[in-house]
Amino acid sequence: DGKFIYREQLESPGTLEASDSQLFARDAQNGRLLWTIPEDKWRLNTPRPLATANGKIFTALGDKLVCLDSNTGKLLFEILPKGLDSRWSLGRLEVVDELLLASGEFGFRAFSINDGKELWKLGGVDRWVSHKGKLITSTERGHSLQSREIKDPSKILWTVRPEKMFSFFCSEKHIHINQKEFV
């Protein structure tokens, strides 16, 4: 999209509890400032990831997950996960197949990138990655690995329960489990 999106966090003197920050968009070619949005106080060291797709930016602003127009910074819509009405922490965001996948204190959920409507919620997931249209989830603190359909995560394609806990991640073409590669 030719834009560089980032945050600058200003620490509040004498406290580690909250800080002011701003969200910036710059032209990636020449560094020209396109827009900025001041943010309300937010707990330090609380992740506020960004995801982009189709000219939209998804991130946390204040207590809400929001969708912004990447050209103007204008708020397109807000997302408040069902059952939450106060401060929450956002752990990770990723856009896959027109879905905004989000995890945090509110669990693991998918929202439409077009209107923010919650499409599904999946409980018990510790970690997750997307890979070739599939969702790979770790449950039971790493004692179970499952592959699911992204559009319908209730459909479990396979489950692995190794004798020992494992770590995993996905690269562009491979799944890596305990430092071994699988295509």
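What you see is a predicted model, and the numbers here were worked out from it, not measured in a lab.

Take the sheet that holds strand S5 (residues 56-61) next. The strand order across the open sheet built from four strands is S4-S5-S6-S7, with neighbouring strands paired in antiparallel fashion. On the outer flanks of this sheet lie strand S4 (50-53) and strand S7 (75-79), each paired with one strand and no other. Direction aside, neighbouring strands of the sheet carry axes that sit 25° apart on average.

The geometry of two aromatic rings is summed up by the distance between their centres and the angle between their planes. Evaluation of the coordinates by the stated rule reveals four aromatic pairs. Geometrically, the ring pair formed by Tyr 6 and Phe 24 is stacked, given 5.0 Å between the ring centres and 10° between the ring planes. Within this pair, whereas Tyr 6 is found in strand S1 (residues 3-11), its partner Phe 24 is found in strand S2 (residues 19-27), the two being separated by 18 residues in sequence. For the residue pair Tyr 6 and Phe 24, the accessibility class agrees, reading buried in each case. With a centroid separation of 4.7 Å and 25° between ring planes, the pair formed by Phe 108 and Trp 128 is classed as stacked. Placement of Phe 108 in strand S10 (residues 107-112) and of Trp 128 in strand S12 (residues 125-131) is noted, with a sequence separation of 20 residues between them. A single burial state applies to Phe 108 and to Trp 128, both of which are buried. Here the aromatic residues Phe 4, Tyr 6 and Phe 24 are joined through ring pairs into a cluster of three or more. For Arg 92, the ring lying beneath its charged end belongs to Trp 128, and the centroid distance is 3.7 Å.

Per the counting criterion, the structure on display carries three salt bridges. The salt bridge involving Arg 109 is made with Glu 118; its shortest N-O contact spans 2.9 Å. For Glu 149, the salt bridge goes to Lys 134, with nearest N and O atoms at 3.5 Å. Residue Glu 149 is found in strand S14 (residues 144-149), and its partner Lys 134 is found in strand S13 (residues 134-139); the two are separated by 15 residues along the sequence.

Turning to the nonpolar core, a few remarks are in order. Counting residues in hydrophobic clusters, the biggest one holds 14 residues, and the most contacted among them are Phe 58, Leu 65, Leu 93 and Leu 100. Elements that contribute at least two residues to this core include exactly S4, S5, strand S6 (64-69), S7, strand S8 (90-96) and strand S9 (99-104). If sequence neighbours within four positions are ignored, Leu 93 has contacts with Pro 49, Leu 50, Ala 51, Phe 58, Thr 59, Leu 65, Leu 100, Leu 101 and Ala 102. Among the nonpolar cores identified, the runner-up in size contains eleven residues, and Leu 99, Ala 110, Trp 128 and Leu 135 belong to it.

Our focus in this paragraph is the pairing of S12. Of all seven residues in S12, five are buried; the element is thus mostly enclosed. The sheet contact formed by S12 and S13 spans six bridges and is antiparallel. Considered in S13, the bridge of Arg 127 is made with Ser 138. Linking S12 back to S13 in an antiparallel pair, the connection comprises two residues, with Lys 132 at a positive phi of about 50°.

Criteria and thresholds
- Along each chain, residues carry numbers from 1 onward, in the same order as the chain's sequence is written.
- Restriction of local features to residues with pLDDT of at least 70 applies here, the model being predicted, together with a cutoff of 80 or more for giving and counting side-chain atom pairs; totals for whole chains, interfaces and linings are based on all residues.
- In computing side-chain properties, one takes all heavy atoms of the structure into account and sets aside hydrogens as well as water.
- Two strands form a pair only when DSSP identifies at least two bridges running between them.
- The secondary structure listing takes helices from DSSP runs of H or I that are at least 4 residues long and strands from runs of E that are at least 2 residues long, numbered from the N terminus.
- To get an axis, fit a line to the C-alpha atoms, keeping to the stretch in contact for a helix; angles then go from 0 to 180 degrees between the N-to-C directions.
- Only rings of Phe, Tyr and Trp enter the pairing, Trp through its six-membered ring, and a pair is recorded when the two centres are within 6.5 Å. The plane angle decides the type: under 30 degrees is stacked, over 60 is edge-to-face, the rest tilted.
- Each residue's exposure class comes from its accessible area (1.4 Å probe, protein chains only) as a fraction of the maximum for that residue type: buried when under 20%, exposed when over 50%, partly exposed otherwise.
- By definition, being over a ring means that NZ of Lys or CZ of Arg is both within 6 Å of the ring centre and within 35 degrees of the ring normal.
- Within this document, salt bridges are pairs made up of a side-chain nitrogen of Lys or Arg and a carboxyl oxygen of Asp or Glu, the two lying within 4 Å of each other.
- By convention a nonpolar core is built from buried Ala, Val, Leu, Ile, Met, Phe, Trp, Tyr and Cys residues, the set being connected through side-chain atoms within 4.5 Å.
- By definition, residues are in contact when any of their heavy atoms lie within 4.5 Å.

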